[in-house]
Amino acid sequence: MKYKHIFFDLDHTLWDFDANAEESLTELYGYFRLESMAIGSFSQFYQIYLNHNKLLWSRYEKGYISVEELKWRRMWRTLLDFKIADEKLAKDMSEYFLQLLPTKKKVFDYTYEILEYLTDKNYSLHLITNGFEKTQRLKLNSSDLLKYFTHIVTSECSNSVKPKKEIFEFALNKAKCKNEEGIMIGDNPEADIFGALNAGMDAVFVNYTNEKCDTFPTYTIKNLKELETIL
Ligand SMILES: [Mg+2]
């Protein structure tokens, strides 16, 4: 077989980040009594948070802001939209959220099935993720995914960030894998697909949301089960 090592992205590919974040933010919204602070309904709060989070993640991935800034500024900016300028509250919310989120367990359909299938076929499985080291490990523990992976490469441990070449090279090195023997599987056209191709690997675009992908993935799939047709 062509591939020996399979590198997965974690968030939005295996671990259902959005569902888990929504569940955590619902609890956060209650815990900090945000409704009583004229913040309105949860769904208003949530939509505004999502916008800021997306913007700040892309700034982080481009190297414009640090991890620490990303963590609390998404709460800070959300509160500001509701005319609440409370840095302490933003930082408390950030801490609460980051503690709660990784305890959530929701994964995408076929996650366990496909990891079992690939393990049975003797592929080595690894993760390449832009998340935080401690957070990602907690998620893997909570969702019982840790046991499937040999190497877990995060931005923190590799000192790089997808789509930069270095994080993929770091992962290939760790796995003792040649570029052509590895394949990256992820949901993000830029971070996962462009990044992997740029590092000389093939890449599978997991397109749950019917997104346009102009970074030329080697394969595109709509759910994880379809990996059985490739691997
Ligand atoms: Mg992802």
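Residues numbered from 1 in each chain as written. Predicted model: local features only at pLDDT ≥ 70, side-chain atom pairs only at ≥ 80, totals over all residues. Heavy atoms only, no water.

A word on the coordination of the magnesium ion. Within the protein, Asp9 (OD), Asp11 (O) and Asp187 (OD) serve as the donor atoms for the magnesium ion, at 2.1 to 2.2 Å. Counting along the primary sequence, the residues that act as donors to the magnesium ion give the motif D-x1-D-x175-D. Note that aspartate 11 is positioned in the loop between β1 (5–8) and α1 (17–31) and aspartate 187 in the loop between β4 (182–186) and α9 (189–198), a separation of 176 residues in sequence. Residues aspartate 11 and aspartate 187 agree in their burial class; the two are buried. (Donors = N, O, S within 2.8 Å, 3.2 Å for Na, K, Ca; no water. Helix = DSSP H or I, 4+ residues; strand = E, 2+ residues; numbered from the N terminus. Buried < 20%, exposed > 50% of the residue type's maximum accessible area, 1.4 Å probe, protein only.)

We now examine the pairing of β1. The alternating pattern of β1 places His5 and Phe7 and Ile6 and Phe8 on opposite faces, both of which are buried. Relative to strand β2 (residues 124–129), β1 runs parallel, the two being bridged by 4 bridges. Bridging across to β2, histidine 5 finds its partner in serine 124. As paired strands, β1 and β4 are joined by 4 bridges and run parallel to one another. Paired with histidine 5 across the bridge in β4 is glycine 182. (Pairing = 2+ DSSP bridges.)

As assigned here, the protein comprises domain 1 (5–15 + 107–229) and domain 2 (17–103). Its C-alpha centre places domain 1 at a distance of 26 Å from the equivalent point of domain 2. Taken together, the contact between domain 1 and domain 2 spans 12 residues of the former and 13 residues of the latter. Taken over both partners, the interface formed by domain 1 and domain 2 buries close to 1200 Å², and the fraction arising from carbon and sulfur atoms is 67%. By the criterion of area lost to domain 2, the three top residues of domain 1 are His12, Trp15 and Phe132, representing 48% of everything that side buries. Viewed at the interface, domain 2 and domain 1 are joined by 0 salt bridges. The greatest single-element share of the side of domain 1 that touches domain 2, amounting to 4 residues, is contributed by helix α6 (residues 133–142). Along the lines of polarity and charge, the residues of the side of domain 1 that touches domain 2 split into 4 nonpolar, 5 polar and 3 charged. (Domains from an automatic or database assignment. Contact = heavy atoms within 4.5 Å. Buried area = accessible area lost by both parts, 1.4 Å probe. Salt bridge = Lys/Arg side-chain N within 4 Å of Asp/Glu carboxyl O. Nonpolar A, V, L, I, M, F, W, Y, C, P; charged D, E, K, R; others polar.)

Another aspect to go through is the pattern of salt bridges. Summed over all chains, the structure comprises 16 salt bridges. A salt bridge links glutamate 87 to lysine 91, with the nearest nitrogen and oxygen atoms 2.8 Å apart. Here lysine 91 and glutamate 87 lie together in helix α4 (residues 87–100), a separation of 4 residues that amounts to about one turn. Note on glutamate 87: relative accessible area 38%, which makes it partly exposed.

With that settled, consider the packing of α1 against helix α2 (residues 42–61). Axis separation between α1 and α2 bottoms out at 11 Å; the angle between their running directions is 125°. With respect to α2, the element α1 is oriented oblique. Regarding α1 and α2, the two cross each other, and that crossing is right-handed. Contact with α1, carried on its side by Asp18, Glu22, Leu25, Thr26, Leu28 and Tyr29, involves Phe42, Phe45, Tyr46 and Tyr49 of α2 and no other residues of that element. The residue makeup of the contact of α1 with α2, split by class, is 7 nonpolar, 1 polar and 2 charged. (Axes fitted to C-alpha atoms, helices over the stretch in contact; angles between N-to-C directions. Parallel < 35°, antiparallel > 145°, perpendicular 65-115°, else oblique. Left-handed = near helix turned anticlockwise from the far one by under 90°.)

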